[in-house]
Amino acid sequence: MAAHEVRRRLEHERDTRLTQLRAVAEAGWAADDHVMVVQKEAIQRVLAEIEAAFARLHDGSYGVCPDCAGPIPAERLEILPYARCCVACGRRAA
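Residues numbered from 1 in each chain as written. Predicted model: local features only at pLDDT ≥ 70, side-chain atom pairs only at ≥ 80, totals over all residues. Heavy atoms only, no water.

Mapping Ala83 onto the fold places it in the loop between helix H3 (74-79) and helix H4 (87-93). C-alpha of Ala83 to C-alpha of Ala53: the two residues are 30 residues apart in sequence and 7.5 Å apart in space. If we ignore the near neighbours within four places in the chain, the residues touching Ala83 are Arg56, Ile72, Arg76 and Leu77. (Helix = DSSP H or I, 4+ residues; strand = E, 2+ residues; numbered from the N terminus. Contact = heavy atoms within 4.5 Å.)

Quick look at the structure:
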């Protein structure tokens, strides 16, 4: 996938998560609502992963698994454009 296409996909993912975050903020939930807190934290984690993917794209390491140094399959990046590592290494880390 070309760098401009990766950037476009990452921008779309970021925009989607920012929209979700705004919706959570506008929902009017109580500060002690555990489900909403967990949802907000999950969205923020994904946003951080997306920003890290932008950094990898910028430094040339996008698409390379930092654990095994192998390529992250294009199919995985199609599904999860901010994937940090390959499936095998991701399973080991989980």
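To continue, consider the side chain of Glu13. In this fold, Glu13 is placed in helix H1 (residues 3-26). Leaving out residues up to four positions away in the same chain, Glu13 has contacts with Ile50, Pro81 and Tyr82.

Next up on the list: helix H2 (residues 34-59). With 26 residues, H2 should reach 38 Å at 1.5 Å per residue; the first-to-last C-alpha distance of 37 Å fits that figure. In this fold, the buried residues of H2 make contact with H1. Where H2 begins, the side chain of Asp33 points an oxygen toward the backbone nitrogen of Val35, at a separation of 3.3 Å. Looking one or two residues past H2, Gly60 carries a phi angle of roughly 90°, positive in sign. (Expected span 1.5 Å × (residues − 1). Polar contact = N/O pair within 3.5 Å; in protein donor to acceptor, adjacent residues only side chain to side chain.)

To continue, consider unusual backbone geometry. Even without being glycine, Ala69 reaches a positive phi, approximately 65°. The residue Ala69 is located in the loop between H2 and H3 in this model.

Attention shifts here to the environment of Val87. Relative to the elements of secondary structure, Val87 occurs in helix H4. Separated by 20 residues in the primary sequence, Val87 and Asp67 place their C-alpha atoms 11 Å from one another.

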